[in-house]
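Notes for the structure review
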Amino acid sequence: MKLRVQYRGKELELEFEGDKVKAKDLLKAINLSREYAFVVVNGEVVEEDYYIKEGDQVRVINAISGG
Amino acid sequence: MKRCAKCSQKAVVYLPHHRLALCKVHYLEWFERRVERTIKEFRMFSREDRVLVAVSGGKDSLSLWHALHKLGYQADGLYINLGIGEYSKLSEEKAKKFAQGLGRTLHVIRLKDLVEDIPTLKEIEKRPACSVCGNLKRYYMNKSAKELGFSVIATGHNLDDESATLMGNVLSWNLGYLQRQYPVLKEGNGFVKKVKPLCLITEKESALYALLSNIDFVEEECPYSVGASSIEHKLLLSQIEEKSPGTKLRFYLEFLRKVQPLLRQEEKLELKPCSICGEPTSADVCSVCRLKQRLTLSEKG
């Protein structure tokens with residue numbers, strides 16, 4: 001399953017095995033922790049166990065900033 | 001599916017360190033109440049004060065400005081354009097758009113007009129870009145607040161910023177910085193009062209507030225912050241927090257409660273006006289005027 005993900009002003013294209021991807025799998029694929037990041041699907045903040053479907057509008061917010 | 005602790009509707013946010021699940025409406029209410037409680041607990045300011053919010057275009061400063069406005073405080077913004085290419089262009093656009101939506105004034109100044117932009121300064125300074133940038137932002141925030149008649153400067157520093165800074169300062173036992181690490185820095189000696197109303201709000205909570213309030217914030221990171229030690233410290237603390245929720249809050253609050261009072265007794269920093277610009281400094285010439293002198297020398301050289 002392929003997902004297009006909006007992340008920090010860029011679009012990422014990610015490929016997953018199988019046709020079911022949980023929000024937590026997506027965070028893991030981008031190497032982010034739920035401690036400081038979360039997933040927004042079709043404009044709604046979703047729980048870690050939420051299943052993302054192909055064609056969903058997906059955005060990942062990484063809250064960590066520094067400097 | 002988790003339910004909101006207040007109304008039993010479907011929860012959109014779960015805060016493990018508070019063991020609290022909330023729906024959108026009650027999360028926004030919780031956030032604003034927490035900001036209000038922090039302002040009151042640390043006696044930051046009242047509704048009679050004119051507050052200048054240091055705005056970067058990111059989630060923290062815009063969430064802070066939004067919450068202060070909703071809570072009925074007189075808060076305008078100050079945006080400092082750092083001259084960092086597309087990043088600065090985008091962040092200025094977002095800050096201006098947000099101010100317009102809020103119906104408040106955004107004051108804009110440009111480092112390029114006042115000293116030099118960050119990319120140029122990075123080339124001539126030995127210090128990391130973040131150190132030069134922070135130094136200049138603090139200087140011009142204070143100067144602008146005085147010139148514009150504001151009694152308080154509010155910055156969007158959050159719990160993750162404060163606990164990561166604390167960790168960095170503890171690792172090197174930097175007592176000077178630890179003495180000054182407090183959510184309120186009083187006015188006096190040429191300084192306007194400086195406050196951090198988001199100091200008990202995590203970075204994720206701030207991002208969630210921005211998102212759920214439909215705030216259009218800059219998600220891109222400053223290109224010069226890559227590899228900054230503050231990010232490394234945040235990642236380390238988040239690993240501990242994941243295993244033991246509440247650690248960051250405890251680390252910071254217990255420092256304020258138990259260690260800060262001991263350190264503040266020792267504080268005796270003599271400040272005087274800079275002989276060139278008149279801003280407060282512990283030396284004869286302040287760090288920004290020294291930077292300007294080095295810049296002039298490098299241009300001549």
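Structure's up top.
The shown structure was predicted, so the numbers you read here are calculated from the model rather than taken from an experiment.

**Description of the state of the cysteines**
Residues and elements named next belong to chain B.
- Applying the stated criterion to the full structure yields zero disulfides over all chains.
- Left without a disulfide partner, C130 is nearest to the cysteine sulfur of C222, which lies 6.4 Å away.
- Exposure remark for C130: the relative accessible area of 27% places this residue in the partly exposed category.

**Quick word on the interface of chain A and chain B**
- Every contact between the two is made by 19 residues of chain A and, on the other side, 27 residues of chain B.
- Surface buried jointly by chain A and chain B totals about 2100 Å² across both partners, of which 56% is contributed by carbon and sulfur atoms.
- There are three salt bridges connecting chain A and chain B.
- Across the pair R59(A) and E219(B) runs a salt bridge whose closest N-O atoms are separated by 2.8 Å.
- Along the contact surface separating chain A from chain B lie eight residue pairs in polar contact (both at pLDDT 80 or more).

**Structural notes on helix 3 (residues 85–102) of chain B**
Residue and element names in this part refer to chain B.
- Compared with the 26 Å implied by 1.5 Å per residue over 18 residues, the 26 Å span of helix 3 between its first and last C-alpha is a close match.
- Of all the positions in helix 3, only S88, S91, E92, K94, A95, F98, A99 and L102 are classed as buried. Burial along helix 3 is one-sided: seen end-on, the buried residues are contained in an arc of 165°. Exposed side of helix 3, more than 90 degrees from the buried face: G85, E86, K89, K97, Q100 and G101 are the residues found there.
- Looking at the buried side of helix 3, the elements it contacts are strand 3 (50–55), helix 2 (59–70), strand 4 (74–81) and strand 5 (106–110).
- Looking one or two places after helix 3, you find G103, whose phi comes out positive at around 80°.

**Describing the sheet that holds strand 5 (residues 44–45) of chain A**
Residues and elements named next belong to chain A.
- The sheet built from five strands is open, its strands ordered 2-1-7-4-5 with mixed pairing. The open sheet is flanked by strand 2 (10–15) and strand 5, the only strands paired with a single partner.
- Summarising the sheet, strand 4 (residues 37–41) and strand 5 pair through two bridges and their orientation is antiparallel. Among the inter-strand pairings, V41 is bridged to a residue of strand 5, identified as E44.

**So, the nonpolar core**
Residues and elements named next belong to chain B.
- Residues Y27, F31, F45, W65 and L68 are the most contacted members of the largest nonpolar core, which totals 61 residues.
- Leaving out residues up to four positions away in the same chain, Y27 has contacts with V13, L15, L22, E205, S206, L208, Y209 and L212.
- Counting 30 residues, the second largest nonpolar core, distinct from the first, contains C133, F150, C222 and L291.

**Considerations on helix 6 (residues 129–148) of chain B**
- Between its first and last C-alpha atoms helix 6 of chain B spans 28 Å; for 20 residues at 1.5 Å apiece the expected length is 28 Å, and the two agree.
- For helix 6 of chain B, the complete set of buried residues consists of A129(B), V132(B), C133(B), G134(B), N135(B), L136(B), Y139(B), Y140(B), M141(B), N142(B), S144(B) and A145(B).

**What to know about the packing of helix 2 of chain B against helix 3 of chain B**
All names here are of chain B.
- Helix 3 packs onto helix 2 with a crossing angle of 10° between their chain directions and a minimal axis gap of 11 Å. Between helix 2 and helix 3, the crossing angle belongs to the class labelled roughly parallel. In contact with L62, W65, H66 and H69 of helix 2, helix 3 contributes F98, A99 and L102.
- Within the contact of helix 2 with helix 3, the residues separate by chemical class into five nonpolar, two polar and no charged.

Rules and cut-offs
- Residues numbered from 1 in each chain as written.
- Chains lettered and ligands numbered in written order.
- Predicted model: local features only at pLDDT ≥ 70, side-chain atom pairs only at ≥ 80, totals over all residues.
- Heavy atoms only, no water.
- Disulfide = S-S within 2.5 Å.
- Buried < 20%, exposed > 50% of the residue type's maximum accessible area, 1.4 Å probe, protein only.
- Contact = heavy atoms within 4.5 Å.
- Buried area = accessible area lost by both parts, 1.4 Å probe.
- Salt bridge = Lys/Arg side-chain N within 4 Å of Asp/Glu carboxyl O.
- Polar contact = N/O pair within 3.5 Å; in protein donor to acceptor, adjacent residues only side chain to side chain.
- Helix = DSSP H or I, 4+ residues; strand = E, 2+ residues; numbered from the N terminus.
- Expected span 1.5 Å × (residues − 1).
- Arc of directions from axis to C-beta.
- Pairing = 2+ DSSP bridges.
- Core = buried A, V, L, I, M, F, W, Y, C linked by side-chain atoms within 4.5 Å.
- Axes fitted to C-alpha atoms, helices over the stretch in contact; angles between N-to-C directions.
- Parallel < 35°, antiparallel > 145°, perpendicular 65-115°, else oblique.
- Nonpolar A, V, L, I, M, F, W, Y, C, P; charged D, E, K, R; others polar.

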